[in-house]
Amino acid sequence: MSVSYSSFSAPFSESSVGKPFPACPNSRTLSVPSAAISRYPVARNNFPAVADGRLVLHGSAGTFCRRICGLKLWILESLNLQHQNRRCQPASEFNSFKNQHKDQSADHFGTNSSNEGQVSGGTSAINLSNDSIDETTRTTSPPGQSSLPNLHPDVSTEVTTSMESPSSLLQTHSSKFSVQSDGAPSLCIAVIGATGELARKKIFPALFALYYSGFLPENVGIFGYSRKDLTDEGLRSIIAATLTCRVDHQSNCGDKMHAFLNRTYYLNGGYDNKVGMAKLNAWMEMIEGESVANRIFYLSVPHEALLDVASSLADHAQTRKGWNRIIIEKPFGFDALSSHQLTRSLLSKFEEKQIYRIDHLLGRNIIENLTVLRFSNLVFEPLWSRKYIRNVQIILSEDLGMQIGRYFDGYGIIRDVVHSHILQTIALLAMEPPISLDGEDIRNEKVKVLRSIRKLELSNVILGQFKASSEDHVDVYLNNLTPTFFAAALYIDNARWDGVPFLIKAGMGLIQHRVEIRIQFHNVPGNVYRERIGHNIDLATNELILRDAPDEAILVKVNNKIPGLGLQLDASELNLLYKDKYNVEVPDSYEHLLLDVIDGDNHLFMRSDELAAAWNILTPILHEMDKNNIAPELYELGGRGPVGAYYLCAKHGVRWADE
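Counting of residues starts from 1 at the beginning of each chain's written sequence and follows it residue by residue. Residues qualify for local features only when their pLDDT is at least 70, as the model is predicted, and side-chain atom pairs are given and counted only at 80 or more; totals for whole chains, interfaces and linings, by contrast, use all residues. To obtain the side-chain values, all non-hydrogen atoms of the structure were used and water was disregarded.

1. Some details on the packing of aromatic side chains
Right, so step 1: What counts as a ring pair is set by centres within 6.5 Å for rings of Phe, Tyr and Trp (its six-membered ring), and what kind of pair is set by the plane angle: stacked under 30 degrees, edge-to-face over 60, tilted for all other angles. Evaluated as defined, the whole model comprises nine aromatic pairs.
Right, so step 2: Taking 5.4 Å as the distance between ring centres and 75° as the angle between the ring planes, the aromatic pair formed by Trp497 and Phe502 counts as edge-to-face. Like Phe502, Trp497 is buried.
Right, so step 3: Each ring, one from Tyr578 and one from Tyr582, has its centre 5.5 Å from the other, and the planes form 50°; the classification is tilted.
Right, so step 4: Residue class for Tyr582 comes out partly exposed when judged on its relative accessible area of 38%.
Right, so step 5: Taken together, Phe208, Tyr211, Tyr212 and Phe260 form an aromatic cluster joined through their ring pairs.
Right, so step 6: Sitting over a ring, as applied to charges here, requires NZ of Lys or CZ of Arg to be within 6 Å of the ring centre and within 35 degrees of the ring normal. The lysine or arginine in question, Lys256, covers the ring of Tyr211, its NZ or CZ lying 5.4 Å from the ring centre.
Right, so step 7: Just above the ring of Trp323 sits the side chain of Arg325; from NZ or CZ to the centre is 3.6 Å. Throughout, exposure labels follow a simple rule: accessible area from a 1.4 Å probe, protein chains only, divided by the maximum for the residue type, with under 20% read as buried, over 50% as exposed, and the rest as partly exposed.

2. Regarding the sheet that holds strand S8 (residues 187–192)
Right, so step 1: Strands are treated as partners if at least two bridges between them are detected by DSSP. Only DSSP runs of H or I with at least four residues qualify as helices, and only runs of E with at least two residues qualify as strands; both kinds are numbered from the N terminus onward. Strand order in the open sheet formed by six strands is S10-S9-S8-S11-S12-S13, with parallel pairing between adjacent strands. Either end of the sheet is taken by a strand with one partner, and the two such strands are strand S10 (264–268) and strand S13 (355–358). On average, each strand axis in the sheet is inclined to that of its neighbour by 20°, with strand direction left out of account.
Right, so step 2: Bridging between S8 and strand S9 (residues 221–226) involves five bridges; their strand directions are parallel. Among the inter-strand pairings, Val191 is bridged to a residue of S9, identified as Gly224. Axis lines are fitted through C-alpha atoms, for helices just across the contact stretch, and the angle between N-to-C directions can take any value from 0 to 180 degrees.

3. Examining the packing of helix H7 (residues 273–288) against helix H8 (residues 306–316)
Right, so step 1: Where H7 meets H8, the closest approach of the two axes is 8 Å, and the angle between their N-to-C directions is 45°. In terms of axis orientation, H7 runs oblique to H8. Crossing of H7 over H8 shows right-handed handedness. Residues Asn273, Lys274, Met277, Ala278 and Asn281 of H7 pack against Asp308, Val309, Ser312, Leu313 and His316 of H8.
Right, so step 2: A class-by-class count of the residues in the contact of H7 with H8 yields four nonpolar, four polar and two charged. Any angle that falls under 35 degrees is termed roughly parallel, while one over 145 is termed roughly antiparallel, one within 65 to 115 roughly perpendicular, and all others oblique. By definition, turning the near helix anticlockwise from the far helix through less than a right angle yields a left-handed crossing, and turning it clockwise yields a right-handed one. Note on contacts: a residue pair is in contact if any heavy atoms of the two residues lie within 4.5 Å. Under the scheme applied, nonpolar residues are Ala, Val, Leu, Ile, Met, Phe, Trp, Tyr, Cys and Pro; charged residues are Asp, Glu, Lys and Arg; polar residues are all the others, including Gly.

4. Here's the deal with the state of the cysteines
Right, so step 1: The term disulfide is used for any two cysteine sulfur atoms that are within 2.5 Å. In the structure shown here, the tally under the stated rule is one disulfide.
Right, so step 2: Residue Cys245 pairs covalently with Cys253 via a disulfide, S to S 1.9 Å. On the S-S bond that ties Cys245 to Cys253, the torsion sits near 90°, and the link is right-handed.
Right, so step 3: The exposure class assigned to Cys245 is buried, which follows from its relative accessible area of 14%.

5. Digging into unusual backbone geometry
Right, so step 1: Residue Pro331 is bonded to the preceding Lys330 through a cis peptide linkage, with omega at 5°.
Right, so step 2: At the junction of Ala549 and Pro550, the peptide bond is cis and its omega measures out at 15° in the coordinates.
Right, so step 3: You can see Pro550 is positioned in the loop between strand S19 (543–549) and strand S20 (553–561).
Right, so step 4: In this model, Asn629 sits at a positive phi of 50°, which is unusual for a non-glycine residue.
Right, so step 5: Residue placement: Asn629 occurs in the loop between helix H16 (608–628) and strand S22 (633–636).

6. Some thoughts on the pattern of salt bridges
Right, so step 1: Any Lys or Arg side-chain nitrogen found within 4 Å of a carboxyl oxygen on Asp or Glu counts as a salt bridge. The tally for this structure, following the rule as stated, stands at 29 salt bridges.
Right, so step 2: The salt bridge partner of Arg443 is Glu440, with a shortest N-O separation of 2.7 Å. A residue pair is termed a helical-turn pair when its members lie 3 or 4 positions apart in one helix, as Arg443 and Glu440 do in helix H12 (residues 439–452) at three residues.
Right, so step 3: Classification of Glu440 by relative accessible area gives partly exposed; the value is 29%.
Right, so step 4: Between Glu445 and Lys448 there is a salt bridge; the shortest N-O distance is 3.5 Å. Taken together, the positions of Glu445 and Lys448, both in helix H12 and three residues apart, correspond to about one turn of that helix.
Right, so step 5: Looking at Lys448, the relative accessible area reads 48%, which means it is partly exposed.
Right, so step 6: A single salt-bridge network, built from bridges that share partners, covers Glu440, Arg443, Lys446, Arg607, Asp609 and Glu610.

These figures come from the coordinates and say nothing about function on their own.
Next up, the structure:
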């Protein structure tokens, strides 16, 4: 049996078989076994056979060569035939993928032939899909060229092949996979948990900001995946309200937003992630075609669902035509044991280089400035040791505007903030100079610091919880043992930092929102101006301050002479206030970190050994808290935190510099 390209007819049903007519002067014939064709319902049922046993397609001669391109690719891939050296012109865009059978059998969806659409400008569509390939092609006749002369002008022909395979499980959908003239997308990004609050408020706006600024390909494919029953338009309407253009990027904002939303599609994955991920893979392959394409999967899912989603993704949704990267949200476990089990499960499915554990607080400029200031300025690097630095303070306080939900009640501030953000900040600040800016070189130095941190004793820890009442109008779900405040004194047992206290303070519901790193230097030995400084010598301590909030700034605290007669000294701040120096809107941290994932820059993401080292610091404290049912010290909502934090500072000969 053979399939001839010398004729064409539409629609593909025996009742409409007309007289065949030549379509291409140099037609080609593919000879295939009859048994092979019979395995495919569409090929068996919709290609009318003539007396000589050949399968013949009938139709317009003018456009047949271009229209048969999609059918040819499908047949070649399905039957594993050698690819012919004949190319059709690239399609200008993919047509809509429609599955008209809502009442199909669960085991077999059968064959679908539809003429509900309209042919615009002589357009014909052929949709074919099977286990190995999902191709959707749409070509448009040049102006003035007739198409399908034997049919009514409002009839389009669509052939859908569905078998018992992942691609056959695609549900009824109305999306159009529009591809720009530069071809299939080179990058697809899937947001798993697309209807959640994090995705709506942070992830999709960050993706749009990158798209608008030119950091994403024009033809990028954005996929939203969740269990809700939505359409493409439903998802687009949800996220459209959260998309904005920055003040310094307003040109063509509406056009860019429209283009981005048109590149965004939705898939209801259902309650079986294996089936859902197979659907997602089929959709991605449909718009990627045969082009080399990379994939990013953002797993914005509850911790308890992470392993099932990740495992299903690894087995059913990874591309073989490029790299795959997954982004995982914190918490990264509950303690050292649970984290180890999670890591072991992930590494059984993915390579370490594929995994990006994201903490949005590490995407702030203050974190990048830590290494930039130290390694690019000669004035700071020689001072970066115990010889000149008296103490380091890392402060993260959230005011009443910070809402705490049920997630926080399960993990508390130690697992949510201290484990990742605070310890990663210490590692970046205290690490030795890396041999390069390569992500792995930086991670190698960070993990050395984490492994050098002295065992944390409960006597060097202060736990707190704010007192809230119904009159405070705070959305909070806390039991009486969940800490909302954590302060501790850490020591790094190595040659550079021996004896230098690293004081950390992180709290919710405090008097103000403040995020800063303060590096306090030793007092000047034998200071001849001591009498001119005043009674409190600590007020004259030199400091380097990196502030992220309330106003992003870099400040250096120095002593200077007060103008006028006499000799009196004052402590002043030399400040670089970002809003005054740079007339730009600072990108959101999610933009920064998502761009790092795209670029393959992993230095701000925790590697598995970093994760384990961080848990080894905190797990003994967590277990002791649970074993002894240690209740946190209460403090007023909107106050300065537990009084014990001030005693902790005094114990180590330090005064909180932010007070």
